[in-house]
Each structure stands twice: as C-alpha cells, then as structure tokens.
Amino acid sequence: MNGMRIFAAWKWGWWRVLAGSAILCVVAAVLLYGWLFADLPSVTAAELRATHPTTQILDRNGKLLYELIDGDAGKQIDLDLGRIPQACVQATIATEDSRFFWHPGVDPLAIARAAWQNLSGGGISSGASTLTQQLARNLLMGSDERYQTSYRRKLREAYLAWQLERHYGKDELLALYLNQTYYGNFAFGIESAAQIFFAKPAGQLSTAECALLAGLVQYPTGYNPLLDPEAAKGRQLTVLRLMKDAGYLDAAQAEEIGREPLQYRSRLFNIEAPHFVMYVQDLLVQQIGAERLRAGGLRVYTTLDLDLQRQSEVAVTRRLEQLTCRGAGGCDDPAARSRRADNAAAVVLDSHTGEILSMIGSPDYFSASISGNVNAALAARQPGSAIKPFTYAAALDPAWSGRAGQPPLTAASILPDLPTTFTVENADGALAAYRPQNYDRQYHGPVSVRAALANSYNIPAVEVLERVGVETLRTLASQAGIQTFTGRYGLALTLGGGDVRLLELTAAYGIFDDGKTVTPRAILKIEGLEIGEVEIGDWRFQSAATGAPNLQSPISNLQIISPQTAYLVTSILSDDVARSPSFGTNSVLSLPFPAAVKTGTTTDWRDNWTVGYSSERLVGVWVGNADNSPMAGVSGVDGAGPVWHDIMRLAHRVAPLSFARPDGLADVQICAPSGMLPSPECPRTRWELFAAGTQPTQPDTQYQRIAIDLATGMRATEETPDNRRAEKLFRVLPPEYHDWMVAQGIAIAPPAAEARPGDSVALAKSTAPPLRLTSPAGHTAYQVHPGMPQSTQRLPVAGLAADGRLWAELRLVVDGEVITTAQDATRLDGWWLLSLGEHRFWLEGEAVAGAPTTRSGEALIQVDEFRSDQLTYGVEP
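Asker: Honestly, the overall build of the protein chain in this entry has me stumped. Any pointers?
Answerer: Counting its secondary structure elements, the protein chain contains 28 helices and 33 strands. For the protein chain, buried positions account for 53% of its 877 residues.

Asker: Even after reading the chapter, I still don't get the sheet that holds strand β6 (residues 343-350), so can you show me in this structure?
Answerer: What holds strands together in a sheet is hydrogen bonding between their backbones, with the strands either parallel or antiparallel. Taken in spatial order, the five strands of this open sheet run β7-β6-β20-β19-β18, and their pairing is antiparallel. Where the open sheet ends on each side, the last strands, each with one partner, are β7 (356-360) and β18 (596-601). Strand-to-strand twist in this sheet, taken as the mean axis angle between neighbours without regard to direction, amounts to 5°. With six bridges joining them, β18 and strand β19 (residues 607-613) adopt antiparallel strand pairing. Following the sheet pairing, Thr-601 is matched in β19 by Asn-608. On the sheet, helix α15 (residues 306-324) packs against β6, β7 and β20 (617-624) and is oriented at approximately 35° with respect to β7. Each of β6, β18, β19 and β20 is contacted by helix α26 (residues 640-650), which is oriented at about 30° to β19, the strand it contacts most.

Asker: Is there a simple way to think about the side chain of Gln-309 in this case?
Answerer: Positionally, Gln-309 belongs in helix α15. Looking at Gln-309, the relative accessible area reads 1%, which means it is buried. Side chain to side chain, Gln-309 and Ser-358 meet in a polar contact 2.8 Å long. Beyond its immediate stretch of four places on either side in the chain, Gln-309 contacts Ala-273, Leu-304, Ser-358, Met-359 and Ile-360.

Asker: What is the right way to read the pattern of salt bridges from this model?
Answerer: The tally for this structure, following the rule as stated, stands at 32 salt bridges. With a shortest N-O distance of 3.9 Å, Glu-681 and Arg-705 are connected by a salt bridge. Here the residue Glu-681 occupies a position in the loop between β21 (665-671) and β22 (685-691), and Arg-705 occupies one in strand β23 (residues 703-709), the gap between them amounting to 24 residues. When its relative accessible area of 23% is taken as the criterion, Glu-681 is described as partly exposed. A relative accessible area of 47% places Arg-705 in the partly exposed class. One salt bridge connects Asp-739 with Arg-772, and the closest N-O pair in it is separated by 1.8 Å.

Asker: Help me understand the state of the cysteines, please; the structure alone is not making it clear to me.
Answerer: Covalent bonding between the sulfur atoms of two cysteines is what defines a disulfide. Following the criterion strictly, the structure yields two disulfides and no others. There is a disulfide in this structure between Cys-88 and Cys-210, and the S-S distance comes to 2.0 Å. Across the S-S bond linking Cys-88 and Cys-210, the dihedral sits near -70°, which makes this disulfide left-handed. Taken together, the positions of Cys-88 in helix α3 (residues 86-96) and Cys-210 in helix α10 (residues 207-216) put the pair 122 residues apart, joining distant regions of the chain. Across the pair, Cys-210 and Cys-88 agree in class, each one buried. With its sulfur 2.1 Å from that of its partner, Cys-671 forms a disulfide with Cys-682. What sets the handedness of the Cys-671 and Cys-682 disulfide is the S-S torsion sign, and at about 95° it is right-handed. Placement of Cys-671 in strand β21 and of Cys-682 in the loop between β21 and β22 is noted, with a sequence separation of 11 residues between them.

Asker: How should I be thinking about the packing of aromatic side chains in this particular structure?
Answerer: In this description, a pair of aromatic rings is defined by centroid distance and the angle of the planes. The final tally for this structure, using the stated rule, is 13 aromatic pairs. Centroid distance Tyr-182 to Phe-188: 4.6 Å. Interplanar angle 45°. Geometry classified as tilted. Like Tyr-182, the residue Phe-188 is buried in the burial classification. Every member of this aromatic cluster is reached through a ring pair, and the members are Phe-390, Tyr-509, Phe-512, Tyr-613 and Phe-659. Just above the ring of Trp-831 sits the side chain of Arg-794; from NZ or CZ to the centre is 4.4 Å.

Asker: Which parts of the structure should I look at to understand the sheet that holds strand β25 (residues 771-775)?
Answerer: The strand order across the open sheet formed by three strands is β25-β27-β30, and the pairing between neighbours is antiparallel. With partners counted over all chains shown, the strands left at the sheet margins are β25 and β30 (827-833), one partner each. The sheet shows a mean angle of 20° between the axes of neighbouring strands, taken without regard to direction. As paired elements, strand β27 (residues 794-801) and β30 share seven bridges and run antiparallel to each other. Directly across from Leu-800, in β30, lies its bridge partner Arg-827.

Rules of the game
- Residues numbered from 1 in each chain as written.
- Predicted model: local features only at pLDDT ≥ 70, side-chain atom pairs only at ≥ 80, totals over all residues.
- Heavy atoms only, no water.
- Helix = DSSP H or I, 4+ residues; strand = E, 2+ residues; numbered from the N terminus.
- Buried < 20%, exposed > 50% of the residue type's maximum accessible area, 1.4 Å probe, protein only.
- Pairing = 2+ DSSP bridges.
- Axes fitted to C-alpha atoms, helices over the stretch in contact; angles between N-to-C directions.
- Contact = heavy atoms within 4.5 Å.
- Polar contact = N/O pair within 3.5 Å; in protein donor to acceptor, adjacent residues only side chain to side chain.
- Salt bridge = Lys/Arg side-chain N within 4 Å of Asp/Glu carboxyl O.
- Disulfide = S-S within 2.5 Å.
- Phe/Tyr/Trp six-rings, centres within 6.5 Å; stacked < 30°, edge-to-face > 60°.
- Lys NZ or Arg CZ within 6 Å of the ring centre and 35° of its normal.

These results come straight from atomic positions and should not be treated as a statement about function.
Dropping the structure here:
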C-alpha cells in the first residue's frame, strides 16, 4: 500500500513537472514570438504602398534645385510583369536570386553557404538574402533595423519574406520588386530607371540595357554609369556572365551583347544643376540609405550658389560655341568648325571651406549626342600637365625631398631642358627607353624651376620626378585628395599618365594656399533627420530635426606641404612674366586680381584642363568629349582657359585679397640665368623668393671673362703677346649643353690648355662628332592619329655642326632622300610628314666645297597606326 502511494505521488509530481515545463515553453515561445515578430507590420498592399512626403534639394540660399516627389504617388510608374522586357526579368533573377522560382521566400542552400562563410570568418560577413527577403527588408522594415547585421534581423526578415510568399504569387513579387527597387539617381523602379538613364520606356530596353540596370541594384552609387561608366560597364559584363551561367544566354550572345555601345541620356524634367543634384543624392544614399531618402520629409540645404551656377552654365556654353564656331555668334573659320570639342565640365569651390559653389558636368544634361547626363566633373580622365605642380611641390618642400634623400630645390634652381632618355619600366615590367618632348618641340637649355613650371616644360618636370621618385608624387597627390592614383606608374605620371577627377584635382590645388587639404563639401544641413551624427562625404556633422544650423567639421584637414612651399608654388603659377615665353603676356590666364593657374592637355587632344585659384576660390575646367574621341588641336589655354577665365571672374563679386605670405621667406636678387648671386659679369638680374636658409651664397660662375689669343682663337697663354691678347665674356656651361649652345649661336669658350673633366662645355668640342642630328630622337615610336588632318602630323627634323662653324652645304636625309638643304650654314631644320613603317634619319654635308661628305649618326624611328588602348600623357602647357 505504501508503495502504491509513493508511486502515485511520484506520478503526480512528474505530471506537474511536465505541465509546468509545457507552460514555460508556451510562455517562452510567446515571448520569443513577441520579441521576434510581434511588432512586424502586415504584408498588405497598403503597407507596401504607403505614400511619403517629398524631399527637397535646395541651394545654400534656400532656392529649390529639385523636389523628389514620392515615387509611389508621382514619378514612379508601376508596370505589369508582362510590360517589362523578359531580358530585364532574366537579368534580375540571374543576378539577385537565381533560385527565385524554387524557394518559399528563403533559400536553404544560400543560407547554408552564408552560415559556413560566417562561421569560418568568425562573424556575419555574408548574407543569403533572396529577392523576396530584399523586398521585405526594403519595404517593411524600419531604417533603424534595415542595415543591422544581427541574427534577429535575419530571422525577422525571413519571416516577412515567408509571409509575402504566402500572400502573393511569384510573378506579383517579381513585378513588385522591379517596380520598387532603387537603381540610383532618384530612380525607384525599372520604368523610372529606364527614363533617367536611357530616356525611353522600360518596354523598349535592350538586353544590354537591362543587364546594365540589373547590375546597379547591388551598389547604385558605385556602379552609377553617369559617374563611373567603366565600373558600370564592368558590372554589366558580370551580369551577362551570370545570365549565361543561368542558361538565359549562350556564350556567343553574351559576348555580342557585351560589345554593344551604351548611349546614356535622360528625359526632360524640372531640375536645376542636375549633375550636382545627382552627386548630392549619391552622398545621401551612401550615408542614410535609399529607403530613408525615399521615405521623404527631408530638406537638404546644399552648398551650391544657384546664381553662380546659372552664370557658369552660360559661360561654358558660350565659350564652347566660340571654340567650335557654333551657336548664335558663328564664324568663318573652317579649322574652328572641325575642332570637335563638344563637352566641358567645371567646378567652383570655396578655398577655405571646400564648399562646392558650382558644378557643371556637361553643357546640356539632357543632350543624347554628347552623353550629357554623364558627369564629367567626376569622370576619371588624364590631366596632362595640370599635375606638374605637385611634382614641383615635392621637390621644393624640405620634408618631401628629404624623404627622397635629396636637398630641396628652390625656385631659382637650374634644370636641364635638353634631349634626355630615361630608363623606365613599361607595362610588362621590362626596362624601356623613355624620351619626353616639350610641347613646342624645342629645347630651352638651362632653365630655372620657376621658368620650367610656369612654361610647363616637360623634360625638366620628368627630371624633377626622377629626382624625388614616382612614389613620392603618388603619395603627395593622394594625401592632397586625388584618390585615383592607385596603379603602377612611371615617370610619365608627372605629364598626366594617371587618371584624375576634376573635382578631386581642383580641391587638391587647395594645398597651394597654406599647405593644408581642402575637402569638397556639398551639404550644409539636413532638416527632417533624427538627431544624430551623420557623415556626408568627408564631412561629419550633427543632423537636426529642427531648422537650426548644423555644427560641422572636416574629418581630415591635413598639413601636406609647408606654408612656405605652398607660397612658392603659388608665386610661380601666378607669375605672368615667367610664363610669357609659352603663353604671352595678358593671356586668358591673366585676371585683374591675383590668381594662380595651370593648364594641361594630353598628347592626343582628348582632354584639356585649366585649374587655378585665388585666395577665395578654386576653379577647375575640363574640355573634351564624353565618348573620349579626340579634339583637333585644342590646347588647355585655347579650350579650357577661356572658360576658366570667365568663371573665375563670375566667382568673385569683389576682387579677392592677395595670397597671404607666410613667415620664413626671403627675397634675394640673383643672376637670372644661373640662379646664383650676381657677379660683375652677370648680364641680367632679377628678384627671387626663397625659403629661409635655401638662398644662394656664392656669386655667379656661368659668365666668365677669358683671355683669348686673337691669332688662334684659343685661350691666351703666358707666351701670347699683348697685342694679340683680348678678353671676351663667355657663358660657361657643363658639357651636356654644348649642342644646345651651338644651336642657339652661343659662343663656346675655347678649352684651357689642361682642362679637367667637367670644367666646361669646351671639353665636349674636341670629342664631339662633326655633325649632329638633334631631332628626331632615335628609337622612338610615333602614331598616325586618325582624327587629325594628315598635313598637320609632321615631325621636326634638325641637325647642326658640332663646332659651330659654317659648312659649305648641309642636307637632312630620310631613308636616303634629301628633304631640305642649306649652304654656308651651321644648322639645318625641316619637317617630315609621318609615314607608316620604319625610317632612318641623318644629317650629311661638306665642310668646304669639294671635300668628302660627312654623315652624322642615324636615328631610327617607328611610325604605327593609332592604338586606342595606348596610354596618353600630357605634353602641353
């Protein structure tokens, strides 16, 4: 009996435990469900189609630039799946969710893969979101939760996706996805994207265009074809490969579609400063997300000055029309009408705050013929000589030159502008000869740093870069704000061998004010955001729900070069006298107030630039063609220069102050040709600016009075009678200048009786061959450009007598044929039209009539057809 009681008690106790456990499990399940799912919205159409207030993009004075009307209520047009091209559907499925038609909203295979990757990586690094989960996340989750990387968020997202699959069919979900997804540039939905990027209804999109749009969904700002066409094209090719892998295309179709050109254009809509507005929306999407932007209710005050923007747009259009003889003015110059310069971009920044006051990405945003909606202010292009100031800044700055193991140069330091061959690495990593040339195809002998930079001579710039090192220039430019120097570069980097963006290059010029970086800033404040810290671009500020101004500060304001170095560079770039040999005085680069400026043009005329600044504004201008086709003979001073001149004047309502001169500088009178202190024999002096401690301390030694024996023309000796002795003034330069001196008609000092190596140019006289071919340089390759008239594609050919004496006859010869002759001459110049193939050049002649013919050494060159994939480097001032 006792055993039965014990058993009954035990049984009753067990059931109580089971019942309690069940109750606890139910309570736990209810609590878990409440924690996970209770506050989730329903998946009704009303939730998915809620309307939102508008978002306004305003200029700095509150003038409306663009109003983002709620996509659901206004600009977004929903399409039935049957009205969307099959190619767009296939491209989306192949890219975003290849098993869309086979899973119930979540993909177990993708979850397993992501789980393994996350476990292997020790965190949540890979997602497994299906197309339905993306819909759930973007349309049903709040912005505070949408981007969390937590298992709770993933479970809630999966639950919502499952609910969506229960309430809607696959075709309905796919149509909803295509009509709601954000493609960038304020385009919500496939129809809006088709209109914004291609100015056509979605039903008319080609397979190539569908693949492009499908690729944008993953990263709309990074793959934006209007900002980075190359990145967008690469993404499109990835989508085509995925379509091939999914069986929608075969290999031949994918390859053929990938070769189709994409023509970007936009439909007309009301917008001011469209390129700038799209730039601002990209910044907003990066920081607050597309869905928060879509939710509306924001008033975004930007830095733009709409009045200046409109005036600058007029200046760009007017100057382009003048350049090409189009528009109301017109002209009768047939050469101007064939220049083919259809596009331009310009930016204006406040040099103190970095605020973008104007941004023009093309003359006409809505022009299909020039791909007007592509923002050339943000496109990567080769800058030509506009990059040279950074090379010289590194060489002038004690810290940067010290890192390269070199003492700093001064503005008076002498550089050789002579035919020079440098050894560089080519694209394959092999050593190759590199022989730069100047824009005017001339050599200017010994030139000061001031003259070399002001006139944009190429050979000295390469000499300076070899001195400080390519990596030094790349690092300095990158720290100044140029983010595109990420590849492998050679000495041609200083001539424009690396791509830059106009906005970044213009801002980078800000270091020449006080040595500190200037960070571009596009947004002043945002009304309507929850209070909290937000980073927009490189600026961090507190967003405000009220209309109160935001407190902002740049994330970085680095001291890149010393204030003294910055002022030296500015002094050179603002020196109208120093640049006059190349540009003349009072050119379009001159302004009625202090301003510094640099131009640049690439060798094949695809890009030309003018970038400059005052103490208040930074202004950069690019002129070229969006399709990268070459212009015809348009240089930076001809194309971008007039636009820059006009915008600089527009950007200054009152004349700016002079550039602030820092302490630690000294003005010293120097002998102009040598950069040393004046001597009694120095023919010309000038004042130069030096960083304290770098000024010269020795008198000039270039100009020397030498006693000459009038009977022999040689140096007088102790035995020379007084009646045959006379003093003459000679310019004495190192031996490498001998040929240049002869070509310039500069008298060569006779050698001393026992000259030592390096004493004088005269040493070269006794060992030099009697005839020298000075142009073209041997082992050089040229290309025949299809966009230039054949008659203009000529090569200068020149030679001289090494001893400077008259020869009875000189002849320039190409492949055995004489192209020009001269009698009683010391030098000979001519021109030769480029012709495909290998060619040999030499100079020959007779010292006296009837004497044997003497020949110079040969120069072998190669002329090829134009190669569009060939890198181009700047050659122009």
